[in-house]
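Residue-level structural notes
Chain by chain, the residues:
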Amino acid sequence: MMFEIINDEKLYFEKFKDFSIDQEKIPLFIDPKREDLLKISRNLSMNDYMFKQIVKCDLGMILSREVMSYTMNADFCRKWIDTLEEMKQASTLLIIGLYKDFTQKKVLEILEHCRAQGIAVYLLLGRDLSSLSWMVSKQFLRSNAKKCGVFSYKKLPQFKQRTVAWNLFGSQELSVENIKEILERNKWNVLVFHGHGKEDHLNLNDFTLHGFNRCIKWDGKFAPSWGHPGQKFFKDEKKAIMLSSIKAEKVFLLSCSNFPFSDARLYGARYNLVLNAIDGVVRNIVASLAVQSADLPELSLILQESDMNNISDQLQESLSDIQPFVSLVTIGLPDEIPAKKMSSPVARETDLTKLILSRLSIFSSSTMLDSTHPIKKWARKILTETMQYTRRGTIGTESEDTEKFEKELRNRVNPFSKEMGMLFQKNSSDQLADFDSFNIYRSVMNKSSISDVTCDCGRIAKNCDYLPETSNVFKLNATYCYLCGDKLVSMIGMPQIKFSCDEYNEKGLQINYKIEITPQYKGDVFILVQVPSYIEKYVEKTQLRKIRFNTLRTVVIDGKIKIDKDIPLQSYYLKLIVIQNAGLAISRCFFNLVEN
């Protein structure tokens, strides 16, 4: 037997004060009433474990006065402190106490301070001294188990090719495998449980992890369903798995609120999932204090990290793009003090992906186009088929995954952009042509954006942004010239455009024009030069032109329009339509027709 079981608190602390791993047995306090702990401690075999010295933290804090005697053991930390003010020049903090004192009032400020200062926090807690002593004793042991498993309600095909060492059970496997038998039959080094739940349970499809320990006395009237007389477990009880029955070294509980502060819990502590794990053989637990949003990016992070010594800090950092609070904690000591290492930011949709999807969303919801307009209908179709992949982590967890998705979306909207151009070519008065006035008159000019610019005609002009008053209106950038009028109106994110033409016809009835296009993003650009609808009958119709931008560069295009001799001689303008990635810009330049 690996433990010297003691039922006298004073004697226990005296023995533990001088304990070293050179001794044959670890001092362990167990109240005789805790038959569950007596049984499990006696069943552990030295064939499955070895002694190992615990890691010494920089600082230590005691939450509960009942366990102050742990400060007499020099192995836990280099210095014991009582206040945050004493927490200087430290990278690790150990907190020891009873669950009743693990309150929001006592602990949250400490966790937030350590989070802000980059201090790793490790907890040693228990529902009572017996549980705490048991958790402390397990820190001096290391299991020889090698098997690692992930059990998640999500599909996991993206991980299977690169995680040979892990046994992966995604939603499909959970629906066909006997999860209870698999979990209880094997000895595990690391287990990751990813699913919905509360403090008393975690769902794995039809199977359920639970923390109901019947050996613990009734401790309050609040309880889950089967904690009330005459009521059953809320699912199939034959598929319920008590977490303490699983033989694992480390456990990740990626569900909401499985270890709430003791003053923020819903139920009595006898039902708590994490406290039940502490009463089992698990030595190290990553648990959640509140709601948390761990998903595929966090699963990927766990699968990539082999040491897992500061994994809760890395997971917390990974979640910083979606959660404003501390939600994950580590219960148990690390195998070694890890070097400070923060995870890379979770790969999210690229700027272009967000821009394209936002444009499609506005096209589909704005009243700028009527319900039968082909662009509105097409935008809705693309959104319906695409938005399912925008959930955080769904398309992948690496930057190359989001870049690949962007490229696929870009290719998807190229025909959409072409169709916009074709509609202009067929009818210069299409509803799309009203996009500038429709959106400007539903926006407010951003006065701080006003700047002086030089118009393509060489004169001074003003540039500004328009901020939509509602979310279904496009944000626009506009340039106004004292000669050219509304020189340019463009959706945000469109190419930089320079558009100029002859001031008048020098030879015959012909006007030459020049276009310079410098895009901000890759993607096919479609351009079309038109004249006002009232003189279309006098002008040779131009064709929509495509320019492929696989790299960002400036393209210069020279062109001309030929005009019929019957046109009245006066001032007119050319209109340049530029379309890219479902975005639209219109630029104008004026010319005069004179007698040669």
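These remarks concern the structure in this document. (Residues numbered from 1 in each chain as written. Predicted model: local features only at pLDDT ≥ 70, side-chain atom pairs only at ≥ 80, totals over all residues. Heavy atoms only, no water.)

Strand order in the open sheet formed by eight strands is S19-S20-S21-S22-S29-S28-S25-S26, with antiparallel pairing between adjacent strands. This sheet does not close on itself; its edge strands, each paired only once, are strand S19 (443-454) and strand S26 (545-547). Going across the sheet, the axis of each strand differs from the next one's by a mean of 20 degrees, ignoring polarity. Of the strands in this sheet, strand S25 (525-530), strand S28 (571-580) and strand S29 (583-592) touch helix H13 (residues 399-426), which is tilted by about 5 degrees from S25. (Pairing = 2+ DSSP bridges. Helix = DSSP H or I, 4+ residues; strand = E, 2+ residues; numbered from the N terminus. Axes fitted to C-alpha atoms, helices over the stretch in contact; angles between N-to-C directions. Contact = heavy atoms within 4.5 Å.)

The next point concerns helix H9 (residues 296-304). Taken across its nine residues, H9 has eight buried, putting it largely inside the fold. If you check which residues of H9 are buried, you get Leu296, Pro297, Glu298, Leu299, Ser300, Leu301, Ile302 and Leu303. Contacts from the buried residues of H9 go to strand S9 (147-152), helix H5 (157-160), strand S10 (166-169), strand S11 (187-194), strand S16 (247-254) and helix H10 (311-318). (Buried < 20%, exposed > 50% of the residue type's maximum accessible area, 1.4 Å probe, protein only.)

What follows is about the packing of helix H2 (residues 35-43) against helix H4 (residues 129-138). Close contact between H2 and H4 brings their axes to 10 Å; oriented N to C, the two are set at 20 degrees. Regarding the angle of H2 to H4, the classification is roughly parallel. Pair H2 / H4 crosses with left-handed handedness. Of H4, the residues touching H2 (which contributes Leu37, Ile40 and Ser41) are Ser130, Ser131 and Trp134. Among the residues making up the contact of H2 with H4, the classes are represented as three nonpolar, three polar and no charged. (Parallel < 35°, antiparallel > 145°, perpendicular 65-115°, else oblique. Left-handed = near helix turned anticlockwise from the far one by under 90°. Nonpolar A, V, L, I, M, F, W, Y, C, P; charged D, E, K, R; others polar.)

Counting residues in each nonpolar core, the largest one holds 91 residues, and the members touching the most others are Tyr70, Phe151 and Phe193. The greatest single-element share of this core, amounting to six residues, is contributed by strand S7 (residues 120-126). Discounting residues that sit within four places of it in the chain, Tyr70 has contacts with Tyr12, Phe13, Phe16, Ile62, Phe76, Trp80, Ile96, Leu129, Leu132, Ser133 and Val136. One finds Ile356, Met494, Phe526 and Val555 within the second-largest nonpolar core, a separate group that totals 69 residues. (Core = buried A, V, L, I, M, F, W, Y, C linked by side-chain atoms within 4.5 Å.)

Paired through backbone hydrogen bonds, the strands of a sheet run either parallel or antiparallel to each other. Read across the open sheet, the ten strands follow the order S5-S4-S6-S7-S18-S17-S16-S11-S9-S10; overall the sheet is mixed. What marks the edges here is a single partner per strand, and that holds for strand S5 (77-80) and S10. Averaged over all pairs of adjacent strands, the angle between strand axes in this sheet comes to 25 degrees, irrespective of strand direction. The strands touched by H10 are S7, S16, strand S17 (284-288) and strand S18 (328-331); relative to S18, the strand with the most contacts, the crossing angle is about 175 degrees.

Now for the packing of helix H12 (residues 374-386) against H13. The geometry of H12 relative to H13 is characterised by a closest axis approach of 11 Å and an angle of 170 degrees between their N-to-C directions. Judged on the interaxial angle alone, H13 and H12 are roughly antiparallel. Between H12 and H13, the residues in contact are Pro374, Ile375, Trp378, Ala379, Lys381, Ile382, Glu385 and Thr386 and Phe405, Leu409, Arg412, Val413, Pro415, Phe416, Glu419, Met420 and Leu423, respectively. Here the contact of H12 with H13 is composed, by residue class, of twelve nonpolar, one polar and four charged.

All right, on to the pattern of salt bridges then. Counted under the stated rule, the structure contains 34 salt bridges. The shortest N-O distance in the salt bridge between Asp206 and Lys239 comes to 3.8 Å. Here Lys239 lies in the loop between strand S14 (207-210) and strand S15 (240-242) and Asp206 lies in the loop between strand S13 (201-204) and S14, a separation of 33 residues in the sequence. You can call Asp206 partly exposed: its relative accessible area is 47%. Between Arg283 and Glu249 there is a salt bridge whose closest N-O contact spans 2.7 Å. Residue Arg283 is found in the loop between helix H8 (273-278) and S17, and its partner Glu249 is found in strand S16; the two are separated by 34 residues along the sequence. The residues Arg283 and Glu249 share a single accessibility class, namely buried. (Salt bridge = Lys/Arg side-chain N within 4 Å of Asp/Glu carboxyl O.)

A few words now on the environment of Asp295. Turning to its location among the elements, Asp295 is positioned in the loop between S17 and H9. Judged by its relative accessible area of 4%, Asp295 is buried. Separated by 172 residues in sequence, Asp295 and Leu467 have C-alpha atoms that sit 34 Å apart.

Further remarks concern the packing of aromatic side chains. Counted by the stated rule, this structure contains 30 aromatic pairs. Ring plane angle 50 degrees and centroid distance 4.9 Å describe the contact between Phe212 and Tyr271, whose orientation is recorded as tilted. Here Tyr271 lies in the loop between S16 and H8 and Phe212 lies in the loop between S14 and S15, a separation of 59 residues in the sequence. Each member of the pair Phe212 and Tyr271 is classed as buried. Its end group placed over the ring of Trp188, Lys147 keeps NZ or CZ at 5.9 Å from the ring centre. (Phe/Tyr/Trp six-rings, centres within 6.5 Å; stacked < 30°, edge-to-face > 60°. Lys NZ or Arg CZ within 6 Å of the ring centre and 35° of its normal.)

A few words on unusual backbone geometry. Positive phi, close to 55 degrees, is recorded for Asn205, a residue that is not glycine. Its place among the elements puts Asn205 in the loop between S13 and S14. What makes Asn205 partly exposed here is its relative accessible area of 32%.

The subject of this paragraph is the side chain of Ser137. Along the chain, the position of Ser137 falls in helix H4. Leaving out residues up to four positions away in the same chain, Ser137 has contacts with Phe3, Ile26, Pro27 and Leu28.

For the rest of this paragraph, the subject is the environment of Ile337. Inspection of the secondary structure assignment puts Ile337 in the loop between S18 and helix H11 (351-365). Exposure remark for Ile337: the relative accessible area of 33% places this residue in the partly exposed category. For the pair formed by Ile337 and Cys57, sequence separation is 280 residues and the distance between their alpha carbons is 7.7 Å.

With 15 residues, H11 extends 21 Å from end C-alpha to end C-alpha; this agrees with the ideal 21 Å at 1.5 Å per step. Those residues of H11 that fall on the buried side of the exposure criterion are Leu352, Thr353, Leu355, Ile356, Leu357, Arg359, Leu360, Ile362, Phe363 and Ser364. Where H11 is buried, its residues touch H12, H13, strand S22 (485-491), S28 and S29. (Expected span 1.5 Å × (residues − 1).)

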